[in-house]
Amino acid sequence: MSEGRYIIEHVFETVAEVELIDVMGEATRDESTAIAQRLLAVGELYARRAVEWAERNLWCADPCDAVAAEVSAAQNISHARAMGQVAYARALRERLPLVAKVFIRGVIDFRMVLTIINRTENVDDEVMPALDAALARNVEKWMRLSGPKLRDRVDLWVTKFDPAGVRVPPKIDDNRYVEIAETTVGMAGIWANVHAVDAAALDRRLDALAATVCESDPRTKEQRRADACGPLARGEASLDCQCGSQHCPAASERNAAAAAVIHVLAEQFTIDGTSDAPGYLPGFGILPAESVRDLAASAKLKPLVVPTETAPEPGYRPSAALAEFVRWRDLTCRWPGCDAPAERCDIDHTVPYPAGATHASDLKAYCRTHHLIKTFYIGACGWSDRQLPDGTIVLTAPTGHTYTTEPHGASMFPALKQSTGELSIPAGVDVPDTDRSAMMPRRKQTREQDRRDRINQERRERTELIAEEERQRQAWLAANYEPPPF
């Protein structure tokens, strides 16, 4: 028995069943209180930053993005999750303060709060205080309701105060998506919601590719359909048969209509078969050694050069070889909690060029949002960072908190973690005294204006639905109403 498991069992071994139930209830209330405190802290931070950075609302990386950057670093979560927390925190602070007071007592949970925030999103600001008070009086009684029942209960109260504010279900066509993500080591899952006609075409195409092998292929039809995704993505006309026969009747040269290139990082010993260290497939994680060797058998192999003790490159933009090394060393955006793939990131000079060098010890990957925040939110109330020769980044927040991140690629492949050399960069390099804000990409309108436009559009749709329901009711009455006999 592990020490951790022993400690847990030891804590509760003398506790009666009734007390175990009490512990669960108390822990649930404490959890709700903790979440409420966290969101209220986020809301307070946003309120202060919104005043401080009010003139930046049209910046592409606006104060909402900037606050989310602080939240993501403090909690080690992605920028998207941090943006969600900022939105929830603002809703509780600005529109639902009384519900927030109930939440912080721990008597309602985050599931309910999230439902209330979502279902009251379109309610007019003038009636929100009254609706907030009504909800706060009733929410404790709704904790045992299922999700659909809770939604209906909140919508009922919204209807009483602002019928046009009831949410309109999204159009079926708006929910299209395709998502591909890692499931288990070396495997990925595909989830999608597409037009039925396109789905039928895809289904038939997979069947057709799965049928291009001979009868001796050992795979099931389901496995062949799954394997057919590769040839389909590469624009190939057939699926490789795995019967193993040199005289396979289905053997034919692949007809590639288009090229799809993937990159895998692996050690030479793995490719040689003298090591079983896994490789890495960006976006999908660890790739087993056997899969690496299977790919290497027919792939183009290119060594990754580690630029140790090399001189800085001339100019601002790194060479293709240097940029390639930085992206493989980092693998993702270097901001705490951010997993944006390095291939979609900018290459940032830690010490701004030209004071800084175009060198591996002064370059790192930042996604566009975090690159803009690091570049434009500077000075006494901004961000700063420094880089160690092994690629480690020490990031200092506007509040003075520091966060350290190690390059993800170097943490898995030791060869990438070796020092790329100390740089002779003067300490305390001053940022040039120029109006950097003039170079910040701008929005066409503020985030709040975008939100208001969306709400107004949905309110118009709801008003039209209400009017149509009333027209249908009046038509039914005209056709079926009979006065009572007297």
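These numbers come from a predicted model, not from an experiment. (Residues numbered from 1 in each chain as written. Predicted model: local features only at pLDDT ≥ 70, side-chain atom pairs only at ≥ 80, totals over all residues. Heavy atoms only, no water.)

Enquirer: Looking at this structure, I do not really get a nonpolar patch on the surface. What am I missing?
Expert: A cluster of nonpolar side chains, contributed by Val-178, Ile-180, Ile-190 and Val-194, occupies part of the molecular surface with about 360 Å² of accessible area. The residue Ile-190 is located in strand S2 (residues 188-193) in this model. (Patch = residues over 30% accessible without salt bridge, like charges linked within 9 Å, V, L, I, M, F, W, Y side chains within 5 Å. Areas by Shrake-Rupley, 256 points an atom, 1.4 Å probe, with all protein chains shown as cover. Salt bridge = Lys/Arg side-chain N within 4 Å of Asp/Glu carboxyl O. Helix = DSSP H or I, 4+ residues; strand = E, 2+ residues; numbered from the N terminus.)

Enquirer: Whenever I open this one, the pattern of salt bridges confuses me. Can you help?
Expert: Pairing is possible between side chains that carry opposite charge, provided their charged atoms lie close to one another. As enumerated under the stated definition, the model contains 41 salt bridges in all. Note that Arg-454 is salt-bridged to Glu-121, the shortest N-O span being 3.5 Å. With Arg-454 in helix H17 (residues 447-480) and Glu-121 in the loop between helix H6 (110-119) and helix H7 (128-138), this pair connects stretches of sequence that are 333 residues apart. Salt bridges linked by common partners bring Arg-90, Glu-94, Glu-121, Arg-167, Glu-448, Arg-451, Arg-454 and Glu-458 together as one network.

Enquirer: Can you walk me through the packing of aromatic side chains in this structure?
Expert: Given two aromatic rings, one states the distance between the centres and the angle between the planes to describe the pair. Throughout the structure, instances matching the rule amount to eight aromatic pairs. Each ring, one from Trp-53 and one from Tyr-377, has its centre 4.8 Å from the other, and the planes form 75 degrees; the classification is edge-to-face. Taken together, the positions of Trp-53 in the loop between helix H2 (17-52) and helix H3 (63-75) and Tyr-377 in the loop between helix H15 (368-376) and strand S7 (384-387) put the pair 324 residues apart, joining distant regions of the chain. Linked through ring pairs, Trp-53, Trp-59, Phe-376 and Tyr-377 together constitute an aromatic cluster. Between Arg-56 and the ring centre of Tyr-377, over which it is positioned, the NZ or CZ distance is 4.8 Å. Taking the ring centre of Trp-157 as reference, the NZ or CZ of Lys-160 above it sits at 4.0 Å. (Phe/Tyr/Trp six-rings, centres within 6.5 Å; stacked < 30°, edge-to-face > 60°. Lys NZ or Arg CZ within 6 Å of the ring centre and 35° of its normal.)

Enquirer: What exactly am I supposed to notice about helix H9 (residues 196-210) here?
Expert: An α-helical turn contains 3.6 residues, so a residue and the one three or four places further along point in the same direction. Between the first and last C-alpha of H9 there are 21 Å, a value that for 15 residues agrees with the 21 Å anticipated at 1.5 Å per step. Restricting attention to buried positions, one finds in H9 the residues Leu-206, Leu-209 and Ala-210. Buried residues of H9, viewed axially, fall in a sector of 100 degrees; they line one side. Opposite the buried face of H9, at more than 90 degrees from it, the exposed residues are Ala-196, Val-197 and Arg-204. Buried residues along H9 sit against helix H10 (221-227) and helix H11 (229-234). (Expected span 1.5 Å × (residues − 1). Buried < 20%, exposed > 50% of the residue type's maximum accessible area, 1.4 Å probe, protein only. Arc of directions from axis to C-beta. Contact = heavy atoms within 4.5 Å.)

Enquirer: What is the right way to look at a negative patch on the surface in this model?
Expert: On the surface, Glu-19, Asp-22, Glu-26 and Asp-30 cluster together into a patch of negative charge. Inspection of the secondary structure puts Asp-22 in helix H2. (Lys, Arg positive; Asp, Glu negative; His and termini not counted. Charge placed at Lys NZ, Arg CZ, Asp CG, Glu CD.)

Enquirer: Looking at this structure, I do not really get the pairing of strand S8 (residues 393-396). What am I missing?
Expert: Residues in a regular strand project their side chains so that they alternate between the two faces of the sheet. By the bridge criterion, four bridges tie S7 to S8 in an arrangement that is antiparallel. Paired with Asp-385 across the strands is Leu-395, a residue of S8. The antiparallel pairing of S7 with S8 creates a hairpin that spans five residues between the two strands, and Gly-391 there sits at a positive phi of about 95 degrees. Pairing between S8 and strand S9 (residues 402-405): four bridges, direction antiparallel. (Pairing = 2+ DSSP bridges.)

Enquirer: Which parts of the structure should I look at to understand the sheet that holds S8?
Expert: Pairing between the strands of a sheet comes from backbone hydrogen bonds, and it takes one of two forms, parallel or antiparallel. The strand order across the open sheet built from three strands is S7-S8-S9, with neighbouring strands paired in antiparallel fashion. Of all the strands in the sheet, just S7 and S9 have a single pairing partner and so form its edges. Taken over all neighbouring pairs, the strand axes of this sheet differ in orientation by 20 degrees on average, direction set aside. (Axes fitted to C-alpha atoms, helices over the stretch in contact; angles between N-to-C directions.)

Enquirer: Just to check I follow, could you spell out the packing of H3 against H15 for this structure?
Expert: The description of two packed helices rests on the angle between their axes and on the distance between the axes. For the pair H3 and H15, interaxial distance at closest approach is 10 Å and the crossing angle is 100 degrees. Judged by the inter-axis angle, H3 sits roughly perpendicular to H15. Contacts from Asp-65, Ala-66, Ala-69 and Ser-72 of H3 reach H15 at Thr-369, His-370 and Ile-373. Classifying every residue of the contact of H3 with H15 gives three nonpolar, three polar and one charged. (Parallel < 35°, antiparallel > 145°, perpendicular 65-115°, else oblique. Nonpolar A, V, L, I, M, F, W, Y, C, P; charged D, E, K, R; others polar.)

Enquirer: Hey, could you run me through the pairing of S9 in this one?
Expert: Only one face of S9 is covered, namely the one carrying Tyr-403 and Thr-405; the face carrying Thr-402 and Thr-404 has none of its residues buried. Hairpin connection from S8 to S9: five residues lie between these consecutive antiparallel strands, with Gly-400 at a positive phi of about 95 degrees.

Enquirer: Quick question: what am I supposed to make of the side chain of Asp-330 here?
Expert: Along the chain, Asp-330 falls in helix H14 (residues 320-330). Residue classification places Asp-330 among the buried positions, given a relative accessible area of 0%. What Asp-330 contacts, discounting residues up to four positions off in sequence, is Lys-364, Ala-365, Pro-407, His-408 and Gly-409.

Enquirer: What is the right way to look at the packing of H2 against H3 in this model?
Expert: Running from N to C, H2 and H3 point in directions that differ by 140 degrees, and their axes come no closer than 10 Å. Judged by the inter-axis angle, H2 sits oblique to H3. The interaxial crossing formed by H2 with H3 has right-handed handedness. Within the contact between the two elements, H2 uses Arg-38, Val-42, Leu-45, Tyr-46 and Arg-49 and H3 uses Pro-63, Cys-64, Val-67, Glu-70, Val-71 and Gln-75. Grouping the amino acids of the contact of H2 with H3 by side-chain chemistry returns seven nonpolar, one polar and three charged. (Left-handed = near helix turned anticlockwise from the far one by under 90°.)

Enquirer: Which parts of the structure should I look at to understand the environment of Arg-460?
Expert: You can see Arg-460 is positioned in helix H17. Under the relative-accessibility criterion, Arg-460 is labelled partly exposed at 45%.

Enquirer: So what exactly am I meant to see when it comes to H2 here?
Expert: Taking 1.5 Å as the rise per residue, H2 with 36 residues should run 52 Å; its terminal C-alpha atoms sit 53 Å apart, in good agreement. All buried positions along H2 are accounted for by Ser-32, Thr-33, Ile-35, Ala-36, Leu-39, Val-42, Gly-43, Tyr-46 and Arg-49. Considering only its buried residues, H2 is in contact with H3, helix H4 (79-94), helix H5 (97-104) and H6.

Enquirer: Got a minute to help me understand the side chain of Arg-49 in this structure?
Expert: Note that Arg-49 resides in helix H2. The exposure class assigned to Arg-49 is buried, which follows from its relative accessible area of 10%. A distance of 2.9 Å separates the side chain of Arg-49 from the side chain of Glu-70, its partner in a polar contact. What Arg-49 contacts, discounting residues up to four positions off in sequence, is Val-67, Glu-70, Pro-398 and Thr-399. (Polar contact = N/O pair within 3.5 Å; in protein donor to acceptor, adjacent residues only side chain to side chain.)

Enquirer: I would appreciate a short explanation of unusual backbone geometry in the present structure.
Expert: Among all residues save glycine, negative phi is the norm, and among peptide bonds the norm is trans. With an omega dihedral of 10 degrees, the bond running from Tyr-353 to Pro-354 counts as a cis peptide bond. By the secondary structure assignment, Pro-354 is in the loop between strand S5 (346-349) and strand S6 (363-366). Positive phi, normally seen in glycine, also occurs at Asn-76, with a value near 55 degrees. For Asn-76, the position within the fold is in the loop between H3 and H4. The exposure class of Asn-76 is exposed, given its relative accessible area of 55%. You will see that Leu-331, though not glycine, has its phi angle at about 65 degrees, which is positive.

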